[in-house]
Amino acid sequence: MQNGSFHFYKDKIIMRVRNRVCNNSEELIRSELFEKVLWRFLKNLEESQSPLLAVFPQGKVDRESLEALIDTLFYLTRLPSDKVVKIVEGSSSFLKDPFLLNELVEQLYNYWRHLHRLIICDSVFDRFDQKPYRTFNDLVESLMHIVRSTYRTIQENITGNHPKIYRQVSAGAEIGAIALPYHINYAGGLYDSLQDIFVIRQALIYPPMIFKTPMNKRTGQFVQVQQNPLESLNLPANEWLCYPAKVGELLIMVYFCLDYFELGFSLCNLFELADEEDLKRKPDAIFIYGAPPESALHVNGNETVFYEDEQNNCLIGSIPYKDEFGYFGYLKKMILTLHNIKRMRDGFLPFHGAMVRITLHGCKPFSLVVMGDSGAGKSETIEALRRIRSSEIQEILIVADDMGSFSLSSDEQVLGFGTEMGAFVRLDDLQAGYAFGQIDRTIIMNPDQVNARVVLPVTRYEYLVKGIPVDAVLYANNYEEVDGSHKAIEQFQTPQDALQVFRRGAVMSKGTTTTTGIVENYFANIFGPPQYHDLHEHIAQSYFTAFFEQGLFVGQLRTMLGIPGHEHSGPEQAALELIELIRSRS
């Protein structure tokens, strides 16, 4: 690597580049980065007492033998092994068993690819972001081709054979980013400490990517503190990056420590990256992910906190750098909590659920919001709709996958907005048809564990912020069986009847050990409404009144997903009733 620096974080490496990477195999082998990677690899072999160490004299690695190996590999990028032996002093010990040396090279290549690799193109004056594709091609793509060709050339010169099958794996960096200093329109004072942290302007990822995170589940809630988290923070600018996320119509500046870069860049599949015009306006919220634990705030032991700076009209979330918080769910849900609070302050009603616009052949588009907690059967019903009535469906447009908000237009029309262009779902749920269309864009987390998750794009940002008129609002009820007195879709007659069910937020929790298995959360949304209960209650009552005044269909959708034996038939029955509802309202 030329004119740059690099840093290791456990099983990750971050390379900062100013103008170029290595131009050829010779530069790569002679680079400081190659030497460091090779040394770390060999020390790992020593710890595991690998038989591959037999390529070294007496099977021991020291600085002298390391340099001899580098010299041998350097000439193997140019010449076959029988000529290298005659040129490089000490190379004969490495080449006496070509099979063993070839296996060492193979394992070194695998070790490099096992590292999570990030290239940051950070330029103050060159403005790489003016020609991002050219920058990524010259730096990130170039490194990938050089690493891959160096590996192949060395192996061919060791064995004398050409591979029969070439696998074009990502051998350079998994992620590339153009990050620049950018003056953000903050209020000053405490906020000035963030101005030195580089802001991501463009990102390049090589999906499908697989990450293993320290934690694979999220617990607890986000609680409000009365002190600005920025007061106690000192964030070294060279160890942090900022992802400026467009969360629906809001701008939330997400700062993450580089040791969490795989989680930070997974936001690429979830939230749109802000552009030049967006960054000219004042951000709606700030989120510090990976704050130094010694200075992080907490309330009654809860360290996932947020603060509302009413004077500067800004929300600040903070989660400390601890393994227990090393899970993408903390990143996503804090961002959505900040979104929901800001939306409530602006008079919107946030909802936890899905919004889709369904167009059946011969019918006008029908926009449906299905609210409910995780596991209520929202996505299962929509997917059942695709599966069993695909011939009747002209289009299903996703407006909100997990979180959204309602607003009232100037003529009192109810409009729906989304927050994310992607979805963060369980790997088991990839049976969904739309997901397979995006599988090659997927980021996979902890695939070998329970609750393995993926982050994948499912819609376009433009649909989130368009403001689509709503035709129906349903609560996903997964705990009541459909029978003679309980329809799959039941319409409420008054706002009060509807509010009673939505406010209760009940769901049958799968796998629970309690007697009833029913869990209740206020409006099935612990991300903002409970923390601002009075404000949310006032907004909810006015909006539900508007739902009925505007003639929306307001009811509950019994999916039976939480009832044993109905996991498939329940959503299918609900989907059939949904078809009838859409046709009856067209």
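Rules and cut-offs
Residues numbered from 1 in each chain as written. Predicted model: local features only at pLDDT ≥ 70, side-chain atom pairs only at ≥ 80, totals over all residues. Heavy atoms only, no water. Axes fitted to C-alpha atoms, helices over the stretch in contact; angles between N-to-C directions. Helix = DSSP H or I, 4+ residues; strand = E, 2+ residues; numbered from the N terminus. Parallel < 35°, antiparallel > 145°, perpendicular 65-115°, else oblique. Left-handed = near helix turned anticlockwise from the far one by under 90°. Contact = heavy atoms within 4.5 Å. Nonpolar A, V, L, I, M, F, W, Y, C, P; charged D, E, K, R; others polar. 1 Å grid on protein atoms, 1.4 Å probe; cavity = no way out; pocket = protein on both sides within 12 Å on 5 of 7 lines; lining within 4 Å. Points joined across faces, edges and corners; volume = space filled by probe spheres on them. Buried < 20%, exposed > 50% of the residue type's maximum accessible area, 1.4 Å probe, protein only. Polar contact = N/O pair within 3.5 Å; in protein donor to acceptor, adjacent residues only side chain to side chain. Pairing = 2+ DSSP bridges. Phe/Tyr/Trp six-rings, centres within 6.5 Å; stacked < 30°, edge-to-face > 60°. Expected span 1.5 Å × (residues − 1). Salt bridge = Lys/Arg side-chain N within 4 Å of Asp/Glu carboxyl O. pLDDT = per-residue confidence, 0-100.

A. Structural detail: the packing of helix α2 (residues 32-47) against helix α3 (residues 63-76). Put simply, α2 and α3 touch, their axes get as near as 11 Å, and they point 120 degrees apart. In terms of their interaxial angle, α2 and α3 are classed as oblique. In the packing of α2 onto α3, the handedness of the crossing is right-handed. Touching Phe34, Glu35, Leu38, Trp39 and Leu42 of α2 are Arg63, Leu66, Leu69, Ile70 and Leu73, all from α3. Among the residues forming the contact of α2 with α3, the class breakdown is 8 nonpolar, no polar and 2 charged.

B. The arrangement of empty space enclosed by the protein in detail. This model, assessed by the stated rule, comprises 2 cavities of 30 Å³ or more. Reported here for the largest cavity is a volume of approximately 270 Å³. Leu28, Phe34, Leu108, Trp112 and Val147 are the residues nearest the centre of the largest cavity, which is lined by 15 residues in total. Elements represented by at least two residues in the lining of the largest cavity include exactly α1 (25-29), α2, α6 (98-114) and α7 (132-159). It is α7 that provides the largest number of residues to the lining of the largest cavity, a total of 5 residues. The space that makes up the second largest cavity amounts to roughly 40 Å³. Considering the residues around the second largest cavity, the lining is formed by Tyr186, Ala187, Tyr191, Lys282, Pro283, Asn312 and Cys314. When grouped by side-chain class, the residues that make up the lining of the second largest cavity number 5 nonpolar, 1 polar and 1 charged.

C. Looking closely at the side chain of Glu537. Here Glu537 shows up in helix α14 (residues 533-549). For Glu537, a relative accessible area of 13% gives the class buried. One polar contact links Glu537 to Tyr522, side chain to side chain, over a distance of 2.5 Å.

D. Representation of the sheet that holds strand β6 (residues 209-211) within the structure. Reading across from one edge, β6-β20-β21-β19 is the order of the 4 strands in this open sheet, with mixed pairing throughout. In this open sheet, the two strands that pair with only one neighbour each are β6 and β19 (422-426). Across the sheet, the mean angle from the axis of one strand to that of its neighbour is 20 degrees, orientation sign disregarded. Summarising the sheet, β19 and strand β21 (residues 453-457) pair through 5 bridges and their orientation is antiparallel. Among the inter-strand pairings, Gly422 is bridged to a residue of β21, identified as Pro457.

E. Structural view of the environment of Asp346. Mapped onto the elements of the fold, Asp346 is located in the loop between α9 (328-345) and β14 (349-360). Taking relative accessible area as the criterion, Asp346 reaches 40% and is therefore assigned partly exposed. Taking the C-alpha atoms as reference points, Asp346 and Ser407, 61 residues apart in sequence, are found 9.7 Å from one another.

F. Geometry of the packing of aromatic side chains. Counting across every chain of the model gives 25 aromatic pairs. For the pair Tyr327 and Tyr330, a centre-to-centre distance of 6.5 Å together with 85 degrees between the ring planes defines the contact as edge-to-face. No difference in accessibility class separates Tyr327 from Tyr330, as the two residues are buried. Between Tyr327 and Phe424, the aromatic rings sit 5.8 Å apart at their centres with planes inclined by 55 degrees, giving tilted as the arrangement.

G. Spotlight on α2. The terminal C-alpha atoms of α2, which comprises 16 residues, lie 23 Å apart, in line with the 22 Å expected from a rise of 1.5 Å per residue. Considered for burial, the residues of α2 that qualify are Leu33, Phe34, Val37, Leu38, Trp39, Phe41, Leu42 and Leu45. Positive phi shows up at Gln49, right after α2, with a value of about 55 degrees.

H. Broad picture of the pattern of salt bridges. This model, assessed by the stated rule, comprises 28 salt bridges. In this structure, Lys246 and Asp278 form a salt bridge, with 3.2 Å as the shortest nitrogen-oxygen distance. Taken together, the residues Lys246 in strand β8 (residues 240-247) and Asp278 in the loop between β10 (272-273) and β11 (285-291) connect sequence positions 32 residues apart. We note that Lys246, like Asp278, is buried. Residues Arg387 and Glu572 are paired through a salt bridge, measuring 3.1 Å at the closest nitrogen-oxygen approach. Of the two residues, Arg387 sits in helix α10 (residues 378-388) while Glu572 sits in helix α15 (residues 569-585), which places them 185 residues apart along the sequence. Taking the relative accessible area as the measure of exposure, Glu572 reaches 27% and is therefore partly exposed. In the salt-bridge network here, residues are joined through shared partners; they are Lys332, Lys333, Asp402 and Glu420.

I. Inspection of unusual backbone geometry at higher detail. With omega at -5 degrees, the peptide bond leading from Pro207 into Pro208 counts as cis. Assignment of secondary structure puts Pro208 in the loop between β5 (199-205) and β6. One non-glycine residue, Glu412, lies in positive phi territory at about 70 degrees. Structurally, the position occupied by Glu412 is in the loop between β17 (403-408) and β18 (414-418).

J. Summary view of the pairing of strand β12 (residues 305-309). With respect to burial, β12 is a largely interior element, 5 of its 5 residues being buried. The alternating pattern of β12 places Val305, Tyr307 and Asp309 and Phe306 and Glu308 on opposite faces, both of which are buried. Across 5 bridges, β12 lies against strand β13 (residues 314-320) in antiparallel orientation. Residue pairing in the sheet places Phe306 in a bridge with Gly317 of β13. Between β12 and β13, which pair antiparallel and follow one another directly, the connecting turn spans 4 residues, one of which, Asn313, has a positive phi of 50 degrees.

K. Structural view of the confidence of the model for the protein chain. With 94% of its residues at a pLDDT of 70 or more, the protein chain has an overall mean of 91. Note that pLDDT drops below 50 for residues 511-515; the model gives that stretch 1 contact with residues more than four away or on any other chain.

L. The arrangement of the layout of surface pockets in detail. Taken as a whole, the second largest pocket spans an internal volume of roughly 420 Å³. For the lining of the second largest pocket, the secondary structure elements donating two or more residues are α6 and α7. Tallying contributions element by element places α7 first for the lining of the second largest pocket, with 5 residues. Taken together, the residues that form the lining of the second largest pocket break down as 6 nonpolar, 5 polar and 5 charged.

M. Highlighting α9. The first and last C-alpha atoms of α9 sit 26 Å apart over 18 residues, in line with the 26 Å expected at 1.5 Å per residue. Of all 18 residues in α9, 17 are buried; the element is thus mostly enclosed. Taken from the residues just after α9, Gly347 is the one with a positive phi, measuring 90 degrees.

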